[in-house]
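# Understanding the architecture of this molecule
So you can see what is in the structure, the chains are spelled out below.
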Amino acid sequence: LGQHGEAAAPHLGAVAERLEDGDWGVRREACKALGRHGEAAAPYLGAVAERLADGDEDVRKAACEALGQHGEARAQTVVALVTPALTSSEAVARACACQVLGQLGEAAAPHLGAIAELLVDADSDVRRAACEALGKHSEARGQTVAAVVAPVLQSSEAASRSMACELLGNLGEAAVPHLEAVAGLLSDDEFYVR
């Protein structure tokens, strides 16, 4: 049904019911189908967001992608549904939340600080997703991104310091107030931070 456009719209409720199916493949495909139907699938966004905590990683990734496909049209709704996953005990859910919020533009701006906190997450995939999400916001909100990323330069985690340097290095003028802190890392113990 996910490939049949408007003709499938009356059947999206049945597709949404498959989000609870016992087979992970069915749940994954239901997420994908609902992601492709834009506004017609809007009533089912909450059910898709619940799949961010699914027991199967492929289902969680499909839910993440489906929510991201709703973009600006339903950005406020998606942000409200996804931000709780930033503090999930599941690393994949945290990473997915970062990915979705990285795609949502202005609606996600109030959550940049929470995303920046994940630059020091114990999971490397979460750190990378947070870095990428903040990078997507850097052009429109460079100063805000710089302000939330700069404290990470002092992290005890070398990988986090490295990501903070990378992000600040891509911000141009917005990073100028933080150049001294970045320059201080030129003598970091870890070569990949320097």
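Scroll up to find the structure this text is about.
Our subject in this report is the structure included herewith. Since the model is a prediction, treat every value here as computed from it, not as a measurement.

The next subject is the overall build of the protein chain. Assigned secondary structure in the protein chain consists of 11 helices and zero strands. Counting from the amino terminus, helix and strand elements in the protein chain follow one another as α-α-α-α-α-α-α-α-α-α-α. Looking at the 194 residues of the protein chain, the share that counts as buried comes to 50%. The contacts in the protein chain between residues at least 6 apart in sequence include a share of 62% that link residues at least 24 apart. With an accessible surface of roughly 9400 Å², the protein chain has 48% of that area assigned to carbon and sulfur atoms. On the protein chain, the mean spot of the 16 positive side-chain charges and the mean spot of the 29 negative ones are 3 Å from each other.

Spanning 14 residues, helix 8 (residues 124-137) covers 20 Å between terminal C-alpha atoms, matching the ideal 20 Å at 1.5 Å per step. Where helix 8 is concerned, the buried positions are Val-126, Arg-127, Ala-129, Ala-130, Cys-131, Ala-133, Leu-134 and His-137. Lining the buried residues of helix 8 we find helix 6 (91-103), helix 7 (112-117), helix 9 (142-149) and helix 10 (158-169). Two to three positions downstream of the cap, the backbone nitrogen of Asp-125 sits 2.8 Å from a side-chain oxygen, assigning the N-cap of helix 8 to Asp-123.

Among the residues making up helix 9, those that are buried are Gly-142, Val-145, Ala-146 and Val-149. An end-on view of helix 9 places all buried positions within 100° of arc, on one side of the element. On the buried face of helix 9, the contacting elements are helix 7, helix 8 and helix 10.

Two side chains that carry opposite charge are able to pair once their charged atoms sit near each other. Taken as a whole and judged by the stated rule, the model has 12 salt bridges. Here Asp-54 and Arg-51 are joined by a salt bridge, their closest N and O atoms 2.5 Å apart. Like Arg-51, Asp-54 is buried. Taking the shortest distance from any N to any O, the salt bridge between Glu-166 and Arg-128 comes out at 3.6 Å. Of this pair, Glu-166 sits in helix 10 while Arg-128 is found in helix 8, placing the two residues 38 residues apart along the sequence. Look at Glu-166 and you get partly exposed, because its relative accessible area is 38%. Look at the salt bridges and you will find they share partners, linking Glu-20, Arg-27, Arg-51 and Asp-54 into a network.

Each value, and the rule that gives it
Counting from 1, residues in each chain are numbered in the order their sequence is written. Selection of residues for local features in this predicted model requires a pLDDT of at least 70, selection of side-chain atom pairs for listing and counting requires 80 or more, and totals for whole chains, interfaces and linings are taken over all residues. Side-chain numbers come from the whole structure's heavy atoms, not from hydrogens or water. The way it works is that DSSP assigns letters per residue, a run of H or I at least four long becomes a helix, a run of E at least two long becomes a strand, and they are numbered from the N terminus. Categorising residues by exposure relies on relative accessible area from a 1.4 Å probe, with only protein chains included: less than 20% of the type maximum marks a residue as buried, more than 50% marks it as exposed, and the intermediate range marks it as partly exposed. Residue contacts are counted whenever heavy atoms from the two residues lie within 4.5 Å of one another. Accessible surface is estimated by sampling points in the Shrake-Rupley manner with a 1.4 Å probe; for residues, cover comes only from the protein chains shown. Positive: Lys, Arg. Negative: Asp, Glu. His and the chain ends are not part of the count. Taken as the charge location is NZ of Lys, CZ of Arg, CG of Asp or CD of Glu. Expected helix span is taken as 1.5 Å per residue step, with the number of steps being one fewer than the number of residues. What qualifies as a polar contact is a pair of N or O atoms within 3.5 Å, subject to a donor-acceptor requirement within protein and to the restriction that residues adjacent in sequence count only when both atoms come from side chains. The arc in question is formed by the directions pointing from the helix axis toward the C-beta atoms. Salt bridge, as used here, is a side-chain nitrogen of Lys or Arg placed within 4 Å of a carboxyl oxygen of Asp or Glu.

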